[in-house]
Amino acid sequence: MGKCLVLFVEGETEIEFYKAVINFAREKRAYKKFDTKIECKNVYGIGGFKNIVCRKFLKEIKPNYKGYEFTVVLCSDTDVFELEQKPPVNWSDVRKNLISAGASHVIFVKAKKSIEDWFLYDMDNILSFLRLKKGTKISGSNGYEKMKKIYRLANKMYFKGMKSNGMVTKLDIKKISLAVKDQLLPLYKALGVEL
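Residues numbered from 1 in each chain as written. Predicted model: local features only at pLDDT ≥ 70, side-chain atom pairs only at ≥ 80, totals over all residues. Heavy atoms only, no water.

(A) Main features of the pattern of salt bridges. One pass over the structure, following the stated rule, counts 8 salt bridges. Linking K56 and E60 is a salt bridge whose minimum nitrogen-to-oxygen distance equals 3.5 Å. One end of the pair is K56 and the other is E60, both in helix α3 (residues 53–61) and 4 residues apart, which spans about a single turn. On the accessibility criterion, K56 (13% relative accessible area) is buried. Judged by its relative accessible area of 31%, E60 falls in the partly exposed class. With its nearest N and O atoms 2.7 Å apart, the salt bridge here joins K160 to E116. One end of the pair, K160, is in the loop between α8 (143–153) and α9 (167–170); the other, E116, is in helix α6 (residues 115–119), and 44 residues separate them in sequence. (Salt bridge = Lys/Arg side-chain N within 4 Å of Asp/Glu carboxyl O. Helix = DSSP H or I, 4+ residues; strand = E, 2+ residues; numbered from the N terminus. Buried < 20%, exposed > 50% of the residue type's maximum accessible area, 1.4 Å probe, protein only.)

(B) Structural detail: the packing of aromatic side chains. Under the definition given, this model contains 11 aromatic pairs. Taking 5.6 Å as the distance between ring centres and 75° as the angle between the ring planes, the aromatic pair formed by W91 and F108 counts as edge-to-face. Of this pair, W91 sits in helix α5 (residues 91–101) while F108 sits in strand β4 (residues 105–111), placing them 17 residues apart in sequence. Measuring from ring centre to ring centre gives 6.2 Å for Y144 and Y158, while their planes differ by 55°; the resulting arrangement is tilted. Here the residue Y144 occupies a position in helix α8, and Y158 occupies one in the loop between α8 and α9, the gap between them amounting to 14 residues. The class for Y144 is partly exposed, based on a relative accessible area of 22%. (Phe/Tyr/Trp six-rings, centres within 6.5 Å; stacked < 30°, edge-to-face > 60°.)

(C) Spatial organisation of helix α11 (residues 181–190). Three or more residues of α11 are buried, namely Q183, L184, L187 and Y188. Along the long axis of α11, the arc covered by the buried residues comes to 130°, so they all point the same way. The secondary structure elements touched by the buried residues of α11 are β1 (3–9), α1 (12–27), β3 (69–77), β4, α6 and α10 (173–179). Just downstream of α11 lies G192, where phi reads positive at about 70°. (Arc of directions from axis to C-beta. Contact = heavy atoms within 4.5 Å.)

(D) Examining the packing of α1 against α11 more closely. At a minimum axis distance of 11 Å, the contact between α1 and α11 shows a crossing angle of 60°. Judged by the angle between their axes, α1 and α11 are oblique. You can see that α1 and α11 cross each other, and the crossing is right-handed. Residue-level contacts link Y18, V21, F24 and A25 of α1 to L184, L187 and Y188 of α11. Its residues assigned to classes, the contact of α1 with α11 comprises 7 nonpolar, no polar and no charged. (Axes fitted to C-alpha atoms, helices over the stretch in contact; angles between N-to-C directions. Parallel < 35°, antiparallel > 145°, perpendicular 65-115°, else oblique. Left-handed = near helix turned anticlockwise from the far one by under 90°. Nonpolar A, V, L, I, M, F, W, Y, C, P; charged D, E, K, R; others polar.)

Keep in mind these values describe shape, not function.
Shown next as structure tokens:
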């Protein structure tokens, strides 16, 4: 029986980033490849985990991998859950629905606060990508606000969830992966890779 690992993420930037993380994980394997098919799908924001995940799984994934065992990875930011009395997504319902739809395993990768907080672990390459001076100080209440301010200094706009136009390819994925190792661990375990 074949295996398929399906990542559901919040936006285009996340697709770019998680593909880079998977490539980094591949390099850590002895034969530089996985015995697992890997798919990465955008659910267009946090609400998509509630409304889109199962539909995409049933219509876009399962028909292409008949007879496969599925591990579904739900990759989200935690910021929208920290202050909400009524969280926007009930993760146990999403998990239950995916298992009912045919997933064997459902695991969670939660970026503390936001994926932008992860990016900031490699500030040097972000500044270099934006052609800003090394050591440029940035303030902001969270990673997303800081990314917006950094981009504004370079007369550019940062949009959450949109393609990064090359920024992700400039990031030191190893450095970020090691900095957020505890948060990425479920994904690396599913890929059979140790950091």
